[in-house]
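Inside the fold
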Amino acid sequence: MSTLISSTIRIPSTTRVLANGLRVVAHEDPSAPIVTVHLMFRAGSRDERPGRTGLAHLLEHLMFEGSQHAPKGHFDDALERVGGSNNGSTWLDRTNYYETVPTHAVELPLWLERDRMAFFLPMLTGEVLELQRGVVMNERRQVIENRPYGMADEQLHELLFPADHPYSWPTIGYMRDLEQITLEDARAFYQTYYTPGNAVLVFAGDIEAGRAFELAERYFGDLPAGPALPPPPVPVMPPPPNGARRVMEDDVSFPRIMQAFAVPAYGTPDWIALDVLAYLLADGDSSRLQRALVRDGRLAQDVDSYLYPTALCGVFGFVSTARSEVEPEALEHAIRQVVDEVIANGVTDEELTGAVRRVRRDQVSELATVEERADALAYAATVLGDADAVHTVLDGYAEVTTDDLRRVAAEYLVPERGATLVVVPRPGQEDDEEDDDE
Amino acid sequence: MMSETRTIAVLPPPVPGAPPRTRAPRPERWTMDNGLQVIALPRSTVPQVVLRMAFAAGSAADPAEFPGTASLTGGLLTEGTETMTADELNARLDGLGASVHASVGHDFAEVEAVFLSETLAEGIALMAEVAIRPTFPEREVERIRAESLDAILSRLDEPANVAEDRSALEVFGPAHPYGHPPFGTAEGIRTVPRDALVAFHAAHYRPRGAFLVASGDFDTAELRALLDEAFAGWTGEPPSIGYGADADAAVAAGRLVVVPWEDAAQSEIRIAGLGLDRLSPDWFAGSVANYVLGGSTITGRLGSNLREDKGWTYGARSYFLPGLALGGWVAETAVDVEVTAAAVQEMLSEMRRLADERVPDDELRRAKDAMILSLPRYFETPSGVAGRFVTLEAYSLPHDYWDTYADRVEAVTAEDVQRVARQVFHPDRVVRVVVGAMPEAGA
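Residues numbered from 1 in each chain as written. Chains lettered and ligands numbered in written order. Predicted model: local features only at pLDDT ≥ 70, side-chain atom pairs only at ≥ 80, totals over all residues. Heavy atoms only, no water.

1. Side note on the overall build of chain A
Put simply, the rule reads: Under the scheme used here, helices are H or I runs from DSSP no shorter than 4 residues and strands are E runs no shorter than 2 residues, and both carry numbers assigned from the N terminus. Values of the radius of gyration come from C-alpha atoms, whereas the globule rule sets the reference at 2.2 Å times the count of residues to the power 0.38. Throughout, exposure labels follow a simple rule: accessible area from a 1.4 Å probe, protein chains only, divided by the maximum for the residue type, with under 20% read as buried, over 50% as exposed, and the rest as partly exposed. The contact criterion used throughout is that any non-hydrogen atoms of two residues lie within 4.5 Å. Only the protein chains shown count as cover for residues, and all accessible areas are computed by the Shrake-Rupley method using a 1.4 Å probe.
In terms of helices and strands, chain A carries 15 helices and 12 strands. Scaling as 2.2 N^0.38, a compact globule of 438 residues should have a C-alpha radius of gyration of about 22 Å, and chain A matches this with 23 Å. Each of the three principal axes of chain A carries a C-alpha extent, and together these read 65 × 60 × 50 Å. Burial analysis of chain A (438 residues in total) assigns 62% to the buried set. Pairs at least 24 apart in sequence give 81% of the contacts found in chain A among residues at least 6 apart. A total of about 16000 Å² of accessible surface is found on chain A, and carbon and sulfur atoms cover 49% of it.

2. Here's the deal with the pattern of salt bridges
For the record, the criterion: We define a salt bridge as a side-chain nitrogen of Lys or Arg found within 4 Å of a carboxyl oxygen belonging to Asp or Glu.
Scanning all chains against the criterion turns up 69 salt bridges over all chains. Between B:E140 and A:R298 there is a salt bridge; the shortest N-O distance is 3.4 Å. One end of the pair, B:E140, is in helix 4 (residues 138–155); the other, A:R298, is in the loop between helix 10 (288–295) and strand 9 (300–308), on a second chain. As far as the burial class goes, B:E140 and A:R298 line up, both buried. Members of the salt-bridge network, linked through shared partners, are A:D285, A:R295, A:R298, B:E79, B:E140, B:R143 and B:E147.

3. A look at empty space enclosed by the protein
Over the atoms a probe the size of a water molecule is rolled, and this reveals where empty space is left. Basically, it comes down to this: Grid spacing is 1 Å over the protein atoms alone, the probe is 1.4 Å, and a cavity is where that probe fits but cannot get out, while a pocket is an open set with protein on both sides within 12 Å along at least five of seven lines and lining residues have an atom within 4 Å of a point. Grid points are joined across faces, edges and corners, and a volume is the space filled by probe spheres set on the points. Each residue is assigned to one class: nonpolar for Ala, Val, Leu, Ile, Met, Phe, Trp, Tyr, Cys and Pro, charged for Asp, Glu, Lys and Arg, and polar for all the others, Gly among them.
What the rule picks out here adds up to 4 cavities of 30 Å³ or more. Approximately 50 Å³ is the volume attributed to the second largest cavity. For the second largest cavity, the full set of lining residues is A:D29, A:S31, A:A32, A:A368, A:V370, A:R373, B:T45, B:V46 and B:E380. Among the residues making up the lining of the second largest cavity, the classes are represented as 4 nonpolar, 2 polar and 3 charged.

4. Structural notes on the sheet that holds strand 6 (residues 199–205) of chain A
Residue and element names in this part refer to chain A. The line we're drawing: Any two strands between which DSSP finds at least two bridges are classified as paired. Think of each axis as a best-fit line through the C-alpha atoms, taken over the contacting stretch in the case of a helix, with angles from 0 to 180 degrees between the N-to-C directions.
Pairing is mixed in the open sheet, where 6 strands are placed in the order 1-2-6-3-5-4. Unpaired on one side and paired on the other, strand 1 (14–17) and strand 4 (85–90) mark the two borders of the sheet. The average angle at which neighbouring strand axes cross in this sheet is 15°, direction not considered. Relative to the sheet, helix 8 (residues 209–220) contacts strand 1, strand 2 (23–28) and strand 6, its axis offset from that of strand 2 by approximately 150°.

5. Quick notes on the packing of helix 10 (residues 283–295) of chain B against helix 17 (residues 414–424) of chain B
All names here are of chain B. Under the convention used in this document: For classification purposes, an angle smaller than 35 degrees is called roughly parallel, one larger than 145 roughly antiparallel, one from 65 to 115 roughly perpendicular, and anything else oblique.
Viewed as axis vectors pointing N to C, helix 10 and helix 17 meet at an angle of 85°, and their least axial separation amounts to 8 Å. Here helix 10 lies roughly perpendicular to helix 17, going by the angle between them. Here helix 10 contributes A285, G286, V288 and A289 to the contact with helix 17, which in turn contributes D416, V417 and V420. Considering only residue class, the contact of helix 10 with helix 17 consists of 5 nonpolar, 1 polar and 1 charged.

6. Some details on the nonpolar core
Defined as follows: Nonpolar cores are built from buried Ala, Val, Leu, Ile, Met, Phe, Trp, Tyr and Cys residues. Side-chain atoms within 4.5 Å join them into one set.
Membership of the largest hydrophobic core comes to 95 residues, with the highest contact counts inside it found for A:L277, A:L281, A:L289, A:L293, A:F316, A:F318 and A:L405. Residue contributions to this core peak at 11 residues, all from helix 9 (residues 269–282) of chain A. Beyond its immediate stretch of four places on either side in the chain, A:L405 contacts A:A273, A:V276, A:L277, A:L280, A:V342, A:V347, A:L352 and A:V400. If you look at the next biggest cluster of nonpolar residues, it comprises 70 residues, including B:L41, B:F284, B:V339 and B:F389.

7. Here's the deal with the interface of chain B and chain A
This is how it is decided: Here the quantity called buried area is the accessible surface, traced with a 1.4 Å probe, that two parts lose on coming together, added over both. As used in this structure description, the phrase polar contact means that two N or O atoms lie within 3.5 Å; if the pair is within protein, one of them must be able to donate a hydrogen and the other to accept it, and residues adjacent in sequence are counted only when both atoms belong to side chains.
Residue-level contacts link 88 residues of chain B with 90 residues of chain A. Summed over both sides, the interface between chain B and chain A buries roughly 7700 Å², with carbon and sulfur atoms accounting for 52% of that surface. Together, B:I8, B:D94 and B:Y314 form the three largest contributors to the area buried by chain B at its contact with chain A, with a combined 9%. Across the chain B-chain A interface, the total number found is 11 salt bridges. Taken together, the links from chain B to chain A amount to 34 residue pairs in polar contact (both at pLDDT 80 or more). Considering each element in turn, the side of chain B that touches chain A owes the most residues, 9 residues, to helix 4 of chain B. Taken together, the residues of the side of chain B that touches chain A sort by class into 43 nonpolar, 15 polar and 30 charged.

8. Thoughts on unusual backbone geometry
Of note in the backbone geometry, A:R298 takes a positive phi value of approximately 55° without being a glycine. Residue class for A:R298 comes out buried when judged on its relative accessible area of 18%. Residues other than glycine seldom take positive phi values, yet B:D263 does so here, at roughly 55°. Among the residues examined, B:D263 registers a relative accessible area of 70% and is labelled exposed.

9. Quick word on the sheet that holds strand 3 (residues 48–55) of chain B
All names here are of chain B. Within the open sheet, the 6 strands sit side by side as 1-2-6-3-5-4. Their pairing is mixed. Each edge of the open sheet carries a strand with a single partner, namely strand 1 (28–31) and strand 4 (99–104). If you compare each strand with its neighbour and ignore which way they point, the axes differ by 15° on average. Sheet topology note: the strand 3/strand 6 (residues 211–216) ladder contains 6 bridges and is antiparallel.

10. Comments concerning helix 8 of chain A
Residues and elements named next belong to chain A. Convention followed: In a helix, the anticipated span is given by 1.5 Å times the number of residues less one. An arc is given here, and it is the one of the directions from the helix axis to the C-beta atoms.
Taking 1.5 Å of rise per residue, the 12 residues of helix 8 would be expected to cover 16 Å, and the 16 Å separating its terminal C-alpha atoms lies within 8% of that figure. Every buried residue belonging to helix 8 is among A212, F213, L215, A216, Y219 and F220, and all of these are buried. Angularly, the buried residues of helix 8 cover 165° about the axis, an arc narrow enough to put them on a single face. Where helix 8 is buried, its residues meet strand 1, strand 2, helix 3 (107–118) and strand 6.

11. A short note on the pairing of strand 8 (residues 256–263) of chain A
Residue and element names in this part refer to chain A. The buried fraction of strand 8 is high, at 7 of 8 residues. Pairing of strand 8 with strand 10 (residues 314–322), which is carried by 8 bridges, proceeds in the antiparallel orientation. Counterpart to A260 in the pairing with strand 10 is G317. With 6 bridges joining them, strand 8 and strand 11 (residues 418–425) adopt antiparallel strand pairing.

12. Re the packing of helix 9 of chain A against helix 10 of chain A
Helix-helix packing: each pair is described by the crossing angle between the helix axes and the interaxial distance. Packing of helix 9 of chain A against helix 10 of chain A brings their axes to within 4 Å, and their N-to-C directions diverge by 35°. Taking contact as the criterion, the partners of A:L280, A:L281 and A:A282 in helix 9 of chain A are, on helix 10 of chain A, A:R288, A:L289 and A:Q290.

13. Quick notes on the confidence of the model for chain A
The cut-off we apply is this: Confidence scores here are pLDDT values: one per residue, from the predictor, ranging 0 to 100.
Looking at chain A, pLDDT values average 94 and 96% of them are 70 or higher. Across residues 429–438 of chain A, where pLDDT falls below 50, the model places 21 contacts with residues more than four positions away in sequence or in other chains.

14. As for the environment of B:L51
Residues and elements named next belong to chain B. Mapped onto the elements, L51 comes out in strand 3. Distance from L51 to V114, taken between C-alpha atoms, is 6.5 Å for residues 63 residues apart in sequence. Setting aside anything within four residues of it in sequence, one finds L51 in contact with V111, E112, A113, F115, I124, M127, L212, V213, A214 and L223.

15. Digging into the environment of B:S280
All names here are of chain B. One can find S280 in the loop between strand 8 (266–274) and helix 10. S280 sits 139 residues away from V141 along the chain, and the two C-alpha atoms are 41 Å apart. At 2.8 Å, the side chain of S280 and the backbone nitrogen of D282 are in polar contact.

16. What about helix 12 (residues 340–356) of chain B?
Residue and element names in this part refer to chain B. The end-to-end C-alpha distance of helix 12 is 24 Å, a good match for the 24 Å that 17 residues give at a rise of 1.5 Å each. Buried residues of helix 12: T340, A341, A343, V344, M347, L348, E350, M351, L354 and A355, and no others. At its buried positions, helix 12 is contacted by strand 8, helix 10, helix 11 (301–309), strand 10 (328–336), helix 17 and strand 11 (430–436).

In structure tokens, the structure reads:
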């Protein structure tokens, strides 16, 4: 068997800062005739206040409802006509907007983004707000409330973080808060955060850096800098939840156990080690948790571990669904045993090598598109302060040792730092069915 | 907050230049001595190789008494082989950072392998081992059987799944394989003996009629040598598959099925009917018609109406379901329970409008441009390229399909769109399935 680990993936880029503070990042890759334009604002659900949760995400929806020279419907329509696609997303630390177009049409997304950065507010009416409030409430119903286990993540975060911590509430917001958001809230959030000085513009794909910077200057150089934001908050670990627990009933057939731990922030050496540990523990059928819970233990239908790449702190989690006739406590106990074993005796060199290779496999798959590479660069610039810092993370995996894995497990994945949510089937009745031939 | 008094210039909208003519990758094709078709698409953009190998071993080939045989067989390919126990196999795959998985649909069973290019030789050897020499160990059969039964129960916890399964049953009927989910029934999975899995594999996982698509960073001569070595000694041809009764659209059409769901946050709506044969001369007209109606969740007519005009839903879309024996078509959305009946009516009226009124030139132009000019993204990644060519092979589409795609979309006329819309989207030819409630229906 080969023991070589694939050489590190590179996403070479050049950065220029415009006079108004907009950071412009160019990554050239002419292998397909397409370009992604990615605009990321350092504004996420963490920048909301309790009582107005969901505001950042609702504003993202509003941004597609038209600006002065690109009225309602124009944004998607214009991009589709050139064979482009576009989307936006909101998460804890950032909101992004991105368009991927054939090379010949690269100026179109720039013009559209300029228009909604400069001429959005005149089009933001009460009617537009009401309509998108309805869409977002339906998004919450569809993605969270009408889906088995859909409410679990939200409850787990409430357990893991104190109520005043900005990661304690869901990005989509609480229904009661979505009802309260006013036009003034949306305007103020836009004016505060959607400024050149708070944004990163990334070009990735079939475009030379010189032309990217020239286009950035042409479409964004004259926009006013806007009010300065306070510097991003220093990452602070929340107080440990001391093993907080909750049992949640849901309309599901099988119990599920979910655990989460607050860990160091994205990009730190400990975060990278924890990422390798997450792969080592549960990615792949030979991994320790798959064996203990699914393959040998036969307790669970599935088990997964994950790590959020977030800025104030990371979030490390386990999730596992019980098989028939198995109590969720058995899963919880088995997970604990596996983690305790790593803390007590560490892991092997072979396990480490395999885990790093599996990280690489997924990185290669993810970073195969210019859209994902643009996102990675924008996120590094937003959260780590520098687009090129993406390489600090990518390269960091080769530095991880078996001692690191044991140390981070012992330091962060201990019971008092964890919060546990047990989802159990709600006692209920079978649905019956009627056919109606009208 | 600072007030801005400076006026910002209004720039003229950019006028894009001439779009590039997309060149689809041209594969090298050959047939191995044992009959396996190989389609090779080397390109070294990322250090990765994606292999997809397909057999006519989907649920349509299930023995009548054991629905779920094909699915269980696929699930057990990676659970132990003639030279490796499941644990040894998993350790090797995980150690290489490779993934090898089987998936089973109605028509095909597929083995997909994704690995870093430096592990090409081991990756191909492991893929071949999994595809042609699985041993179905008793212990693993029982575990996968139990997990499959749990998965069938879990699936029914989600209204969207219930809506999907029920609309397929209504459209294709209980006698057709497409009327049932490809993973089979609980009863079939509970009772199928291990021997039947072994026999199913022996019969259906054969090289003649199967195909393998390779995409990514490899040298074709090296690939060829490795495949010859890995698949040496493997021969044979699978039995042909009978698809049973055709769908009885006459019975299903016009029907409304409501599956009540207590405390539903939304109603899941499916409007479904027969679609088009994948080789139909109308396929491109159908694709354009569907793009106009619901090809894009926001800008299609369904999304514009239900989401952008009314705010009733997060999205609405429609799509063709290609199949070897029959095609299907589905429009889907999820809405506030209170507006369920109104949403169904709006969807039907959008369908009727496309059938009754000629699509305006501008809307037709937009749909064609969106479909043609987005082609470069289809071929950006190894997995994207592999997927496009799996489609070609699976439905025996012409080798120049991607080269002529743009011209064939361009040739679609407004009359073509209307003709296909009358055939596929006419309200009399579809069933309506609602999982949730229709409080305001009164019908």
